[in-house]
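As a plain string of letters, each chain reads:
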Amino acid sequence: SPDAFFCFANKPLILFFENPKNKDEVHKSVWNFNESPIVIIVDTNTIEIFNGFDILQDTKRLRKIGGEDKLDDFTYFELVTGKAWEKYNCDIDHDNRVDYKLLSNIQDTRKIILSKFQKPVTDTENVQNIKITNALLGKIIFVRYLIDREVKLNFDNNHKAWTNDDFCSLLKYQNKTERFFNYLSDPNQGFNGDLFPLTKAEYAQIPKEAYEVLIRLLKSEDIATGQRSLFDLYDFSIIPIEFISNIYESFVGKENQAKNGVYYTPLFLVDYILSETVKKHTDNSSTVDCKVLDPACGSGVFLVETLRILIECYIKDTPNYRENIEKFKEDINKIVEKNIFGIDSDESAVEVAIFSVYLTLLDYMYPPEIASFKFPKLLNTNFFHSDFFNTNAGFNSKLKNVDFSFIIGNPPWKRGKNESEKPLYVTYIENRRKEEKNHGGPIIEIGNKEIAQAFLLRVSDFSMKDTKCALIITSKVLYNLQSANFRQYFLHNFIIKQVFELAPVRREVFNKSIVAAVAPACVLFFQYANGQETNTNIVKHIALKPSRFFSLFKIFVILRNDIQNVQQNRLKEFDWLWKVLVYGSYLDFNFIKRLKDDFITINDSFDKDTLVKQGIKRVDGNNKINTTKLLGWDSLDLRKEIKQFHITSSHSKWDLEEVGYIYRENDEICEDIFSPPMLLIKETVNTELESVAAISSKKILFTDKVTSIKFRDKRSIDDYYLLASLMNSTLFAYYVLNISSTAGIMIEQQINDIERFAFPYTYSDEIIREAKKLESLKKELFSAIIDDRQALVEQAKENINQFINKAFGLDNIEQTLVDYSRNIIIPISMKHKGYEKVFLPCSLEDPILVDYVRLFLDRFKSKFDTVEKRFVVEIWHTEQIIGMFFKIISEAEYKQDIIWINKQNDKTGIFATIIKLNTDRITDKLFIQKDVRGFEKEYFYIFKPNEKRLWHKAIGYLDVNEFSDAILKAGGSYSG
């Protein structure tokens, strides 16, 4: 119960306490609450600021950040602009948080208990030991929850509220502990339900040492080398129930996680998906009827949060529910039985999911009411331990006629390869392909045996007419070249409502996991079309970009231009549009389409005699051949010797006997790819996303990490210089950013040759001449003949970029788009040194702001200027916010087109103006959506945070087009 709190984007970032009676309890509670990074405690004469995520074991108090001297770090603008969080980034690291500590303790305990069992001889024995251990830990957590809730239990006719010491004493006696756990599940005495059930034979297998480990855990003694349990600091009456369900992640373990492609679902993603599905449904419904299926439920976090929403809805509609608590118990049990359904192939996951549902139900009870609560039986009625692709399993018939409102979840991500048996999901796709009649549309197919794709299709078997689906999948599904046929099938047979793409922040989505993962994720919101036409459907596409708020608090910062709407048939027609939507806009689409329409590709420029091959495979293979012809040749060191337009000469020799195999043609060595002249291109692009290509003038060996282009039709050497220039260019980097299926999605600096050689081709003598000049300069630079060539090298490189832009006929908009990707998007995405400067503020009368404003003046002055009136822009400037008012004033008032007003000392006034103009969650709109705009009778306006990237000319083109369209729709006036 804080006295006040500061909430930002629905997150309670700061809690304030004034003269608290029990400071120790405040410190412990805040840490267990696990939501507020900063706590400010005001006593009569002192102010103390604490880190809400870090508690000290010795004092059992939060770590102190400072006192009154640090208050200026937490002023309003320091908070909402993120500067406060940048300064205290290290202090609020997730390693100290209660969720991380608890998961770590559970994982260590589990590992030690498993080691106490007799060494399993078979896989079946190992699975059995894991099941028993998981169940035992689940029961321990449940009892500790009852203890912290101060629930009175009547075990052995002793009716009392248990303590942690009582429980530790019980665990010393194995038979008595077994009786106690059976009592908790007894329908007549305990809670009933399916609470981690164990048979008598399974209890008998538990080694005595396991109970000793549990006692050490509960008493906060060492449970692993150097690892002390913190159970004396945990308060399970405060720790969010939804977090407890994620303990399943530690049950899975690293090995199985990698094997099965299972990753816990971050709660911020659960919240987002449910806000777009279940929450919207209940907000617009008069009942709590909302049937939800999670086909890969894991620990049940989606279902737990769904249940919470439904119970809250029930309470809102039944304000006097506590007058008949027994009826309330019955009603919330019915809510579960009628609406909550889950399937998972992991038995422990199903047990944890049921456990999580049970705890959620108890969360709505006072302690005296908990003791008499009876859990509903959910196993094999609502929750099923089964493979979702087993069409013969019992859940198929039980769920077939359930009218699901939503099918949601986070199915596993893995590719089928090297399996001893064909996976069920592959068999399912094969059988479905045979059953479906082909009406001229795409045939059902999944790429790379990707199980996530199979889940997207399988949910249609449980979809009624109005069933909506939302699944978290690997982003690779939308971009991989091998999955193009799957995308065509999906686009023809499913209606995509929304795509929420997280690939740009892939390093931060699962980084708080015990088993951290770098995986590109996206959320697909869709429906099975059931034969309905899909072409005209509008897909809402949102691409989340990196930000300090997301890194620290998982608060979504979504710029206006990160949200785009596209007609579904455009995705059918232009498969590459999926990637453009991530980093580009409709302007980028138009530009790239023009390049594709007006020019052939590099690949098209090759004739049948052109040799395009990779080098030596440095892996063991069966195709070893005689390499005598290559003995004594120089070899290329990729890390040091190949640069753009230059290959150094300090080559080494390979022992070819140690090489696996090389490119063969008719069972002979094809020397041509290693013989000059040839263009060598590194497999990876550089950090600017440009290729690294250079011409080799001597014989040289290289690995398959290099592609060689060899013209065998006696073409001019000029053609090599031209290709090197095209692929080493800034325009190529722009193309990679918007087209590559990997760069900015999975592996930042990788691009495959199919996409590389799809780059448009044009011929220019200017480009060739400058490339030869640049090569000569680089040779001089690297040979140290002349040491002042770097500036000339950079200028020659820039000249090539300009000649390429000229050759492709780039207009002002297109050149601006390339500049924006080069100087804003790529530096942020690739974390270039000094990339933070794009977040710096613009100065008063900054050229960036002038360029932005000129776009509006060029567009509107001719329309609104008259003999008596002038169109002008009034700019309000502060270090944090910039506001622009686009006005028509009288000729008598007119002095200049751009009116600059310094509002640095009137930040309160500028904020009051914004609130007056737009009262709808102004803080979130300005500092989360980065944009407040609108129309008044005499002017239109736009406010944004003062960050250079937000006022770039490329953004200006989008903004001016939007205002222009709005004015046209309003009939040419500002009003309306």
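For the structure itself, look to the data block above.
Since this is a predicted model, take the numbers as computed values, not measurements.

**Q** How should the overall build of the protein be read in this particular structure?
**A** Per the secondary structure count, the protein includes 38 helices and 31 strands. Taking 976 residues into account, the globule formula puts the C-alpha radius of gyration at 30 Å, and the protein, at 32 Å, falls close to it. Projecting the C-alpha coordinates of the protein onto the three principal axes gives extents of approximately 95 × 90 × 60 Å. For the protein, buried positions account for 57% of its 976 residues. If you take every contact in the protein between residues at least 6 apart in sequence, the share linking residues at least 24 apart comes to 73%. About 42,300 Å² of surface is accessible on the protein, with carbon and sulfur atoms providing 47% of the total.

**Q** Before we go on, may I ask you to explain the sheet that holds strand S19 (residues 611-614) in this structure?
**A** Sheet strands line up and pair through hydrogen bonds in the backbone, either parallel or antiparallel. Strand order in this open sheet of four strands is S19-S26-S24-S25, and the pairing throughout is antiparallel. Looking at which strands have only one partner, the edges of the open sheet turn out to be S19 and strand S25 (693-696). Shown here is a sheet whose adjacent strand axes are inclined to one another by a mean of 25 degrees, direction ignored. Pairing analysis gives four bridges linking S19 to strand S26 (residues 706-710), with the strands arranged antiparallel. Looking at the pairing, Gln614 lines up with Thr707 of S26. The sheet contacts of helix H29 (residues 718-727) involve strand S24 (678-682), S25 and S26, and relative to S24 the element is tilted by about 15 degrees.

**Q** Just checking my understanding: could you explain the environment of Ile768 for this structure?
**A** Along the chain, the position of Ile768 falls in helix H32 (residues 765-783). Considered as a pair, Ile768 and Tyr100 are 668 residues apart in the sequence and their alpha carbons are 57 Å apart. With residues up to four places along the chain from it excluded, the contact list for Ile768 reads Asp718, Tyr721, Leu722 and Tyr763.

**Q** Looking at this structure, I do not really get helix H30 (residues 730-739). What am I missing?
**A** Every α-helix winds through 3.6 residues per turn, so residues three or four apart in the chain are directed the same way. For H30, the tally of buried residues reaches ten of ten residues, placing the bulk of the element in the interior. Listed as buried for H30 are Thr730, Leu731, Phe732, Ala733, Tyr734, Tyr735, Val736, Leu737, Asn738 and Ile739.

**Q** Any chance you could explain the sheet that holds strand S18 (residues 563-567) here in plain terms?
**A** Across the sheet, nine strands lie side by side as S12-S11-S10-S13-S14-S16-S15-S17-S18; this open sheet has mixed pairing. On the outer flanks of this sheet lie strand S12 (383-385) and S18, each paired with one strand and no other. Taking the axes of each pair of neighbouring strands and ignoring which way they run, one obtains an average angle of 20 degrees across the sheet. Examined bridge by bridge, strand S10 (residues 292-294) and strand S11 (residues 340-344) share three bridges and lie parallel to one another. If you follow Asp294 over to S11, its bridge partner there is Gly342. With respect to the sheet, helix H14 (residues 301-317) is in contact with S10, S11, S12, strand S13 (406-409) and strand S14 (468-474), its orientation differing from that of S11 by roughly 180 degrees.

**Q** What should I look at first to understand the pattern of salt bridges in this one?
**A** Where side chains of opposite charge bring their charged atoms close, a pairing between them can arise. One pass over the structure, following the stated rule, counts 56 salt bridges. For Arg97, the salt bridge identified is with Asp99, shortest N-O distance 3.8 Å. The buried category is assigned to Arg97, whose relative accessible area is 15%. Classification of Asp99 as buried rests on a relative accessible area of 19%. In this structure, Arg458 and Asp461 form a salt bridge, with 2.8 Å as the shortest nitrogen-oxygen distance.

**Q** In this structure, what is going on with the side chain of Lys329? I would like to understand it.
**A** Looking at the secondary structure, you find Lys329 in helix H15 (residues 325-339). What makes Lys329 buried here is its relative accessible area of 5%. A polar contact of 2.9 Å, which involves the side chain of Lys329, links it to the backbone oxygen of Glu369. If we ignore the near neighbours within four places in the chain, the residues touching Lys329 are Met365, Glu369, Ser372 and Phe373.

**Q** What is the right way to read the packing of aromatic side chains from this model?
**A** Aromatic rings considered in pairs are described by the distance between their centres and by the relative angle of their planes. Evaluated as defined, the whole model comprises 85 aromatic pairs. Judged by centre distance (6.2 Å) and plane angle (80 degrees), the ring pair of Tyr272 and Phe525 falls under edge-to-face. Here Tyr272, found in helix H12 (residues 267-276), pairs with Phe525, found in strand S16 (residues 521-528); they are 253 residues apart in sequence, far enough to count as distant. Looking at Phe525, the relative accessible area reads 6%, which means it is buried. An angle of 85 degrees between the planes, with centres 5.6 Å apart, marks the rings of Phe341 and Phe404 as edge-to-face.

**Q** Would you explain the nonpolar core in this entry?
**A** Note that soluble globular proteins tend to have their nonpolar side chains buried in a common cluster. With 127 residues, the main nonpolar core has Phe167, Phe180 and Phe500 as its most contacted residues. Those residues in contact with Phe500, other than ones at most four positions away along the chain, are Leu269, Tyr272, Ala521, Cys522, Val523, Phe525, Ile542, Leu544, Phe556 and Ile558. Counting residues in hydrophobic clusters, the runner-up holds 120 residues, among them Phe341, Ile444, Phe599 and Leu731.

**Q** I tried to follow the side chain of Asp959 on my own but got confused; where do I start?
**A** Its place among the elements puts Asp959 in helix H38 (residues 953-969). Setting aside its immediate chain neighbours within four residues, Asp959 contacts Tyr852, Phe856, Arg933, Ile942 and Lys944.

**Q** Can you help me understand the environment of Glu766 in this one?
**A** Within the element layout of this structure, Glu766 appears in helix H32. In this structure the C-alpha to C-alpha distance between Glu766 and Asn799, which are 33 residues apart in sequence, comes to 9.3 Å. In this structure, Glu766 is in contact with Phe803 and Lys806, ignoring residues within four places of it in sequence.

**Q** Would you mind going over the environment of Phe494 with me for this structure?
**A** Among the structural elements, Phe494 can be located in strand S15 (residues 494-501). A relative accessible area of 0% means that Phe494 is categorised as buried. Expressed as a C-alpha distance, the spacing of Phe494 and Asn530, which sit 36 residues apart in the sequence, is 7.9 Å. Excluding anything up to four places from it in sequence, Phe494 contacts Leu456, Leu457, Ser460, Tyr489, Phe526, Gln527, Tyr528, Ala529, Thr534 and Gln568.

**Q** I'm lost on the packing of helix H4 (residues 98-116) against helix H9 (residues 208-218) in this one. Help?
**A** A packed helix pair is summarised by two numbers, namely the angle formed by the two axes and the spacing between the axes. Where H4 contacts H9, the axes come no closer than 9 Å and their chain directions differ by 160 degrees. With respect to each other, H4 and H9 are oriented roughly antiparallel. Where H4 crosses over H9, the handedness of that crossing is right-handed. Across from Asn105, Thr109, Ile112, Ile113 and Lys116 in H4, the residues of H9 making contact are Glu209, Ala210, Val213, Leu214 and Leu217. In terms of residue class, the contact of H4 with H9 is built from six nonpolar, two polar and two charged.

**Q** How should I be thinking about unusual backbone geometry in this particular structure?
**A** Leaving glycine out, the prevailing phi sign among residues is negative, and the prevailing peptide bond configuration is trans. Backbone torsion omega between Pro676 and Pro677 reads -10 degrees, so that peptide bond is classified as cis. Even without being glycine, Asn34 reaches a positive phi, approximately 65 degrees. Relative to the helices and strands, Asn34 is located in the loop between helix H1 (23-33) and strand S3 (38-42). By relative accessible area, which is 7% here, Asn34 ends up buried. The phi torsion at Asn530 lies on the positive side, around 50 degrees, for a residue other than glycine. With respect to the helices and strands, Asn530 occurs in the loop between S16 and strand S17 (538-543).

**Q** Honestly, helix H35 (residues 847-864) in this entry has me stumped. Any pointers?
**A** In a regular helix each residue adds 1.5 Å, so 18 residues correspond to 26 Å; H35 covers 25 Å between its end C-alpha atoms and thus fits that length. Of all the bends in H35, the greatest, near 30 degrees, is centred on Asp858. When we look at burial in H35, the residues that qualify are Leu849, Tyr852, Val853, Leu855, Phe856, Leu857, Phe860, Lys861 and Phe864. The residue sitting at the N-terminus of H35 and contributing the capping side-chain oxygen is Asp846; that oxygen lies 2.9 Å from the backbone nitrogen of Ile848.

The rules behind the values
Within any chain, residue numbers begin from 1 and follow the written order of that chain's sequence. Per-residue local features are limited, in this predicted model, to residues with pLDDT of at least 70; the limit for side-chain atom pairs, both in listing and counting, is 80 or more; totals at the level of whole chains, interfaces and linings are taken over all residues. Think of the side-chain values as coming from all heavy atoms in the structure, minus any hydrogens and water. Going along the chain from the N terminus, every DSSP run of H or I of four or more residues is numbered as a helix, and every run of E of two or more is numbered as a strand. The size measure is the radius of gyration over C-alpha atoms, and the globule rule it meets is 2.2 Å times the number of residues to the 0.38 power. Relative accessibility decides the category of a residue: with a 1.4 Å probe and only protein chains considered, values under 20% of the type maximum give buried, values over 50% give exposed, and everything between is partly exposed. Working rule for contacts: check all heavy atoms of both residues, and any pair within 4.5 Å makes them a contact. Accessible surface is estimated by sampling points in the Shrake-Rupley manner with a 1.4 Å probe; for residues, cover comes only from the protein chains shown. The rule for pairing is simple: two strands pair if DSSP sees at least two bridges between them. Angular values range over 0 to 180 degrees, each being the angle between N-to-C directions of two axes fitted as lines to C-alpha atoms, with helices fitted over their stretch in contact. Any Lys or Arg side-chain nitrogen found within 4 Å of a carboxyl oxygen on Asp or Glu counts as a salt bridge. Counted as a polar contact is a pair of N or O atoms within 3.5 Å, where, for protein atoms, one must be capable of donating a hydrogen and the other of accepting one, and residues adjacent in sequence contribute only when both atoms are in side chains. Centres within 6.5 Å are what make two rings of Phe, Tyr or Trp a pair, Trp counting through its six-membered ring; a difference in plane orientation under 30 degrees is then read as stacked, over 60 as edge-to-face, and the rest as tilted. Note on terminology: a nonpolar core comprises buried Ala, Val, Leu, Ile, Met, Phe, Trp, Tyr and Cys residues joined through side-chain atoms within 4.5 Å. Orientation categories follow fixed angle ranges, with anything under 35 degrees roughly parallel, anything over 145 roughly antiparallel, 65 to 115 roughly perpendicular, and all other angles oblique. Each crossing gets its hand from how the near helix is turned against the far one by less than a right angle, where anticlockwise is left-handed and clockwise is right-handed. Think of it as three bins: nonpolar holds Ala, Val, Leu, Ile, Met, Phe, Trp, Tyr, Cys and Pro, charged holds Asp, Glu, Lys and Arg, and polar takes everything else, Gly as well. Expected span of a helix: the number of residues minus one, times 1.5 Å. Values of bend correspond, residue by residue, to the angle between axes fitted over the seven residues ending at that residue and the seven starting there.

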